[in-house]
Amino acid sequence: MKIVFATHNANKLEEVRKLLPKEIQLLSLDDIGCSEDIPETGKTLEENAKIKADYVTQGYGLDCFSDDTGLLVDALQGAPGVYSARYAGEQKSAQGNMVKILSELNGNGNRNAYFKTVIHLNLQNHSYVFEGIVNGQITEEQHGSGGFGYDPIFKPEGFEQTFGELPMETKNSISHRARAVQKLVDFLKNQSS
Ligand code: IMP
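Residues numbered from 1 in each chain as written. Predicted model: local features only at pLDDT ≥ 70, side-chain atom pairs only at ≥ 80, totals over all residues. Heavy atoms only, no water.

Once that is clear, we can look at the environment of threonine 44. Mapped onto the secondary structure, threonine 44 falls in the loop between strand 2 (25-27) and helix 2 (45-60). Overall, the relative accessible area of 32% leaves threonine 44 in the partly exposed class. With 82 residues separating them in the primary sequence, threonine 44 and histidine 126 have C-alpha atoms 21 Å apart. Here glutamate 47 takes part through its backbone nitrogen, which lies 3.0 Å from a polar atom of the side chain of threonine 44. (Helix = DSSP H or I, 4+ residues; strand = E, 2+ residues; numbered from the N terminus. Buried < 20%, exposed > 50% of the residue type's maximum accessible area, 1.4 Å probe, protein only. Polar contact = N/O pair within 3.5 Å; in protein donor to acceptor, adjacent residues only side chain to side chain.)

We now examine the sheet that holds strand 3 (residues 64-73). With mixed pairing, 6 strands are arranged side by side in an open sheet as 2-1-3-4-5-6. At either margin of the open sheet sits one strand with a lone partner, and together these are strand 2 and strand 6 (154-156). Strand-to-strand twist in this sheet, taken as the mean axis angle between neighbours without regard to direction, amounts to 35°. Examined bridge by bridge, strand 5 (residues 126-138) and strand 6 share 3 bridges and lie antiparallel to one another. Note that in strand 6 the partner of glutamine 137 across the bridge is lysine 155. On top of the sheet, helix 2 reaches strand 1 (2-5), strand 3, strand 4 (112-123) and strand 5; it is set at about 165° to strand 3, its chief contact. (Pairing = 2+ DSSP bridges. Axes fitted to C-alpha atoms, helices over the stretch in contact; angles between N-to-C directions. Contact = heavy atoms within 4.5 Å.)

Structure (structure tokens):
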């Protein structure tokens, strides 16, 4: 079985490839000659994931899946959500994004938030959606320098450290993305056996 992961991110590709049985050949956008940044014009994570997977399936006639992730903060009515990458502006600064959230939550006792990853899969003319969530709290200030994006201000439930402080293996065993990817992998393994 051959399937495209609609990403240019080599790390994400490798992460998923490692989990898949070898009968499943995973291709990146670069592998299929697609060098474009597919526009993410959806209003939800689900819409964006679908847009990217459909772009490949319709344009290249290939089975494909795509992911989209956001941080949803309760006290901000689910913001930044689908706009997580560019919350503080088009320069997509992780530092700027964290500063903006901390200032918006300044003095607010409700620090509840969660990361959500949505994966949209197009396989043999059917569509499937997989979701992974990790609940947690937004800290009062940044802690740690590991990971990326909002990791230094997100403390997952059951832990005393932020994703920026926790070892990468710990984050990767409980993260939103790992949970969604595991559901996808379990599904694909069943299809290919
Ligand atoms: P993407 O859909 O994986 O590109 O994620 C969109 C944005 O969400 C990123 O630019 C980050 O700001 C944020 N994000 C996604 N995953 C994580 C994570 O694991 N930790 C921290 N921030 C993340």
